[in-house]
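Single-letter residue listing:
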Amino acid sequence: MVKRSRLVIDKRHKLDLCDRDRWRVAEMLRSQPDLRDIDPARDLDLWRHLFDADDLIVVGERTSPAAEVPVAEYCWGNIWRDGLPVETVAYCLRTADLLRGATYAEQMSPRQACEAVLGRLRTARIPIVMVVDDGEGGLECWCDADPTLYRLLVSRGRCPGGTKSRTGKKHRVLWADPGTRVPWEEDLKLVA
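Residues numbered from 1 in each chain as written. Predicted model: local features only at pLDDT ≥ 70, side-chain atom pairs only at ≥ 80, totals over all residues. Heavy atoms only, no water.

**Q** Help me out: how do you make sense of the overall build of the chain in this one?
**A** Along its length, the chain carries five helices and ten strands. The contacts of the chain with a sequence gap of at least 6 include a subset with a gap of at least 24, amounting to 69%. Of the roughly 10,200 Å² that the chain leaves accessible, carbon and sulfur atoms contribute 50%. (Helix = DSSP H or I, 4+ residues; strand = E, 2+ residues; numbered from the N terminus. Contact = heavy atoms within 4.5 Å. Areas by Shrake-Rupley, 256 points an atom, 1.4 Å probe, with all protein chains shown as cover.)

This is the structure we're talking about:
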């Protein structure tokens, strides 16, 4: 079994959180109004477009080409070969990663604190590619994995479009980088 790498966020992004730091879910949805509708197929499609269509990825217990993978509760941000991760495309900062060690200048709910940390990460130009509702009142974000910084980071998070098994709530995409909306055919033309 492959273990998930532990992710550490620079503490300065989590100290003395206040209301003005927040990147509010309402702002995310206002910038991409189509995400207001719950659509698991669209959400999974946005996540799959972080990869090339023929990259082997793992969603739940299944390894498939990105273009064919079905939805599940969890997914990995890696490209796989022979049952092992060989490249990191994106890494997930789960709610626990966002909130561990956070301090507050103002009282906040866990969701508001996640918004504040995300706001600080965004201001620091951390390459957030997707924000997902975790189905438990928190937020997760998928970030672009810079190959010069992360040789191989094994990361697992909530699968956009998946369902939280304990609550039955959908892992809804709340914001996605515009690059996830480019069809693979057009993406390949841009590279060529």
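**Q** Any chance you could explain the pairing of strand E4 (residues 78-81) here in plain terms?
**A** Where a strand is regular, its side chains alternate between the two sheet faces. Of the pairings in the sheet, the one linking E4 to strand E5 (residues 84-88) comprises four bridges and is antiparallel in character. Looking across to E5, one finds that asparagine 78 is bridged to threonine 88. Counting the residues in the hairpin turn of E4 and E5 gives two residues, including aspartate 82, whose phi is positive at 55 degrees. (Pairing = 2+ DSSP bridges.)

**Q** What should I look at first to understand the nonpolar core in this one?
**A** Across soluble globular proteins, you tend to see nonpolar side chains buried next to one another. Formed by 49 residues in total, the largest nonpolar core has its most connected members in Trp47, Leu118, Ile128, Val131 and Trp142. In this structure, isoleucine 128 is in contact with Trp23, Leu118, Leu121, Arg122, Cys141, Trp142, Cys143, Trp175 and Asp177, ignoring residues within four places of it in sequence. (Core = buried A, V, L, I, M, F, W, Y, C linked by side-chain atoms within 4.5 Å. Buried < 20%, exposed > 50% of the residue type's maximum accessible area, 1.4 Å probe, protein only.)

**Q** What exactly am I supposed to notice about the environment of leucine 50 here?
**A** Here leucine 50 lies in the loop between helix H2 (40-48) and strand E1 (56-59). Considered as a pair, leucine 50 and threonine 180 are 130 residues apart in the sequence and their alpha carbons are 6.0 Å apart. With near-sequence residues (within four places) excluded, leucine 50 lies in contact with Val89, Ala90, Val129 and Thr180.

**Q** Is there a simple way to think about helix H4 (residues 110-123) in this case?
**A** Quick reminder: α-helices carry 3.6 residues per turn. Residues three or four places apart thus point the same way. A rise of 1.5 Å per residue sets the reference length of H4, with its 14 residues, at 20 Å; its end C-alpha atoms lie 20 Å apart and thus fit the reference within 8%. Among all positions of H4, only Ala113, Cys114, Glu115, Ala116, Val117, Leu118, Gly119, Arg120 and Leu121 are buried. Here the buried face of H4 lies against helix H1 (25-31), strand E6 (90-93), helix H3 (95-99), strand E7 (128-133) and strand E8 (139-144). Just past H4, the residue arginine 125 takes up positive phi, approximately 60 degrees. (Expected span 1.5 Å × (residues − 1).)

**Q** Explain the pattern of salt bridges here, please?
**A** Close approach of charged atoms lets side chains of opposite charge pair. In total, this model carries 17 salt bridges according to the counting rule given. The residue arginine 181 makes a salt bridge to aspartate 34 at a minimum N-O spacing of 2.9 Å. With arginine 181 in the loop between strand E10 (173-176) and helix H5 (184-191) and aspartate 34 in the loop between H1 and H2, this pair connects stretches of sequence that are 147 residues apart. The exposure class assigned to arginine 181 is partly exposed, which follows from its relative accessible area of 35%. Note that arginine 42 is salt-bridged to aspartate 43, the shortest N-O span being 2.8 Å. Pair check on accessibility: arginine 42 and aspartate 43 agree, each one buried. (Salt bridge = Lys/Arg side-chain N within 4 Å of Asp/Glu carboxyl O.)

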